[in-house]
Amino acid sequence: MATPQNHRPDRHPDHDELRERWAGALLAVRRRDVSPDEVPSPYAYAEDLLARWAEPHRRYHTTGHLIAVLDRIELLAPHCEDPGELATATLAAWFHDAVYRPDRSTNEERSARLAERALTEAGVPAERAAEVARLIRLTAGHDPAPGDRAGEVLCDADLAVLAAGPREYAAYAAAVREEYAFVPDDAFRTGRADVLRHLLALPALFRTRHGRENWERAARRNLTTELELLTAGSADAAG
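Remember, predicted model here, so these are calculated numbers, not experimental data.

To continue, consider the overall build of the chain. Regarding its fold elements, the chain presents 11 helices and 0 strands. Expressed along its principal axes, the backbone C-alpha trace of the chain runs to roughly 65 × 50 × 30 Å. Across the 239 residues in the chain, those meeting the buried criterion constitute 47%. Considering only contacts in the chain between residues 6 or more positions apart, those separated by 24 or more positions represent 67%. As displayed, the chain offers around 12,300 Å² of accessible surface, 53% of which is attributable to carbon and sulfur atoms.

It is worth spelling out the packing of aromatic side chains at this point. Evaluation of the coordinates by the stated rule reveals 7 aromatic pairs. Measuring from ring centre to ring centre gives 5.4 Å for F206 and W215, while their planes differ by 65 degrees; the resulting arrangement is edge-to-face. Each member of the pair, F206 together with W215, is buried. Joined through ring pairs, the aromatic side chains of W22, W94 and F95 make up one cluster. The ring of W53 carries R58 above its face, with NZ or CZ at 5.3 Å from the centroid. When the ring centre of F188 is taken as reference, the NZ or CZ atom of R177 above it lies at 4.3 Å.

Put simply, the chain has an average pLDDT of 93, and 93% of its residues get 70 or more. In this model, residues 1-9 is a region of pLDDT below 50 whose contacts with residues beyond four sequence positions or in other chains number 4 contacts.

Time to look at the pattern of salt bridges. Pairing is possible between side chains that carry opposite charge, provided their charged atoms lie close to one another. Within this structure, the stated rule accounts for 22 salt bridges. Between E131 and R134 there is a salt bridge, with the nearest N and O atoms lying 2.8 Å from each other. On the criterion of helical spacing, the pair formed by E131 and R134 is a turn pair, its members being 3 residues apart in helix α6 (residues 126-138). Given the relative accessible area of 27%, E131 is considered partly exposed. For R192, the salt bridge goes to E226, with nearest N and O atoms at 2.8 Å. Taken together, the residues R192 in helix α9 (residues 185-201) and E226 in helix α11 (residues 216-238) connect sequence positions 34 residues apart.

With that settled, consider the environment of D186. For D186, the location among the structural elements is in helix α9. When the C-alpha positions of D186 and L230 are compared, they lie 9.6 Å apart, and in sequence the two are 44 residues distant. Polar side-chain contacts of D186 include one of 2.4 Å to the side chain of R189.

Now for the nonpolar core. Counting 70 residues, the largest nonpolar core has W22, W94, F95, L119, L162 and Y172 as the members making the most contacts within it. If you tally residues by element for this core, the top one is helix α4 (residues 83-95), at 7 residues. Dropping the residues within four chain positions of it, F95 is found in contact with W22, L49, S111, L114, A115, A118, L119 and I136.

A few words now on the packing of helix α2 (residues 42-53) against α4. Axis separation between α2 and α4 bottoms out at 10 Å; the angle between their running directions is 55 degrees. The orientation of α2 with respect to α4, classified from their angle, is oblique. Contacts from L49, L50 and W53 of α2 reach α4 at A93, W94 and F95. By residue class, the composition of the contact of α2 with α4 is 6 nonpolar, no polar and no charged.

For helix α8 (residues 166-179), with 14 residues, the first-to-last C-alpha span of 20 Å sits near the 20 Å given by 1.5 Å per residue. Taken together, the buried positions of α8 are Y169, Y172, A173, A175, V176 and E179. For α8, the buried positions fall inside an angular range of 160 degrees around the axis, keeping them on one side. Counted as exposed and oriented over 90 degrees from the buried face of α8: P166 and R167.

Right, let's talk about the environment of H65 for a bit. Here H65 is to be found in helix α3 (residues 63-75). A relative accessible area of 3% means that H65 is categorised as buried. On a C-alpha basis, the gap between H65 and A93 in space is 9.9 Å, while along the polypeptide they are 28 residues apart. With residues up to four places along the chain from it excluded, the contact list for H65 reads W53, Y60, H96, D97 and D158. Within the local environment of H65, its side chain forms a polar contact with the side chain of Y60, the two groups lying 3.1 Å apart.

The rules behind each value
Residues numbered from 1 in each chain as written. Predicted model: local features only at pLDDT ≥ 70, side-chain atom pairs only at ≥ 80, totals over all residues. Heavy atoms only, no water. Helix = DSSP H or I, 4+ residues; strand = E, 2+ residues; numbered from the N terminus. Buried < 20%, exposed > 50% of the residue type's maximum accessible area, 1.4 Å probe, protein only. Contact = heavy atoms within 4.5 Å. Areas by Shrake-Rupley, 256 points an atom, 1.4 Å probe, with all protein chains shown as cover. Phe/Tyr/Trp six-rings, centres within 6.5 Å; stacked < 30°, edge-to-face > 60°. Lys NZ or Arg CZ within 6 Å of the ring centre and 35° of its normal. pLDDT = per-residue confidence, 0-100. Salt bridge = Lys/Arg side-chain N within 4 Å of Asp/Glu carboxyl O. Polar contact = N/O pair within 3.5 Å; in protein donor to acceptor, adjacent residues only side chain to side chain. Core = buried A, V, L, I, M, F, W, Y, C linked by side-chain atoms within 4.5 Å. Axes fitted to C-alpha atoms, helices over the stretch in contact; angles between N-to-C directions. Parallel < 35°, antiparallel > 145°, perpendicular 65-115°, else oblique. Nonpolar A, V, L, I, M, F, W, Y, C, P; charged D, E, K, R; others polar. Expected span 1.5 Å × (residues − 1). Arc of directions from axis to C-beta.

Here's what the structure looks like:
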């Protein structure tokens, strides 16, 4: 007997709920003049996106990360004055790591192009699709311009893991290392340290009020601690 579709062992436990969350987000912004018969089912896009997030080479950038970012966007919703900003940030969250290969530096750009193409095909206005793509590109540096509320919400939601408790942060750092298992230790320490220094050099890691008040201090403490450990590891290896 075939396994029922919603009980497939390779599917995330929240698969069906995520399908509905995606459908709701897409239908909320689709052009009103589009007939359902003129575009693919929203669930077809959901299945494609969820398959991407569940790729076997992922260790941190998984469905769990997608869920966390979506949940944090809902938490940060008051930062968006216009409901359209929140809707755009939500769609960008779905696509922001849809293309993810740790051995490439073009993931954000490829994810942005995928989003713009797919959303336009799905009946989303071209201007909205282009804005989603712009937000995705912001996640390459996490440095939105002041007043870019949708960008601030997306970037804060993506970086919120940096403010996790010690155990969760250690698990995050270990998962990132697993994704880059093909990189030798010395090269990984150098590259990871550069990323941490870039983040620590930002005037503020978080741009929303909630992020500044609840996440900034813990995130900087975690980043500084990880950087110190990486630096110590490099010194030990050199010695």
